[in-house]
Amino acid sequence: QVQLVESGGGLVQPGGSLRLSCAASGFTFSRYAMSWYRQAPGKERELVAVITAGGTTNYVDSVKGRFTISRDNSKNTMYLQMNSLKPEDTAVYYCNARWLFDYWGQGTQVTVSS
């Protein structure tokens, strides 16, 4: 059974940091490109960051220099280190795995507010 389970979300003040995790199971994690998406209220889901099976990373312009995506294939886990958080980063963050199939996690809420 394929599972992607996000964790690490929460409430943080502007300028603060959070680290999201995505624990994967039920498929060959190392073969899949892994991504973080987010969806704010009333907005479409957007791609935040991607890390390929080979380790190449890419980011949406709004998070460059603040967010870092990484993966640990030995633990079947992907991470998103988020620093210098802004209120506009508030959203539900989703984990995605894509290769032969497309898998999604259930999401974790990130709220940036004073």
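Further up the page is the structure itself.
Let me begin by describing the structure that accompanies this report. Everything numeric in this text was worked out from a predicted model, so none of it was measured.

1. A look at the pairing of strand 9 (residues 91-98)
Stage number 1. The buried fraction of strand 9 amounts to six of the eight residues, a majority that puts the element mostly inside the structure.
Stage number 2. One ladder, built from seven bridges, connects strand 4 (residues 33-39) with strand 9; its direction is antiparallel. By the bridge assignment for strand 9, Ser-35 is matched with Asn-96.
Stage number 3. With three bridges joining them, strand 9 and strand 11 (residues 108-112) adopt antiparallel strand pairing. Along strand 11, the bridge assignment pairs Val-92 with Gln-109.

2. Considerations on the side chain of Thr-108
Stage number 1. Take Thr-108: it is sitting in strand 11.
Stage number 2. A polar contact is formed between the side chain of Thr-108 and the backbone nitrogen of Gly-9, at a distance of 3.3 Å.
Stage number 3. With residues near it in sequence (within four places) discarded, Thr-108 still touches Glu-6, Ser-7, Gly-8, Gly-9, Leu-20, Ala-91, Val-92 and Tyr-93.

3. Remarks on the state of the cysteines
Stage number 1. A full pass over the atoms with the stated rule returns one disulfide.
Stage number 2. Here Cys-22 connects covalently by a disulfide to Cys-95, the sulfurs 1.9 Å from one another. Across the S-S bond linking Cys-22 and Cys-95, the dihedral sits near -65 degrees, which makes this disulfide left-handed. Highlighted residues: Cys-22 in strand 3 (residues 18-25) and Cys-95 in strand 9, separated in sequence by 73 residues. We note that Cys-22, like Cys-95, is buried.

4. With respect to the side chain of Ser-21
Stage number 1. Secondary-structure assignment places Ser-21 in strand 3.
Stage number 2. For Ser-21, a relative accessible area of 17% corresponds to the buried category.

About the criteria used
- Residues numbered from 1 in each chain as written.
- Predicted model: local features only at pLDDT ≥ 70, side-chain atom pairs only at ≥ 80, totals over all residues.
- Heavy atoms only, no water.
- Buried < 20%, exposed > 50% of the residue type's maximum accessible area, 1.4 Å probe, protein only.
- Helix = DSSP H or I, 4+ residues; strand = E, 2+ residues; numbered from the N terminus.
- Pairing = 2+ DSSP bridges.
- Polar contact = N/O pair within 3.5 Å; in protein donor to acceptor, adjacent residues only side chain to side chain.
- Contact = heavy atoms within 4.5 Å.
- Disulfide = S-S within 2.5 Å.

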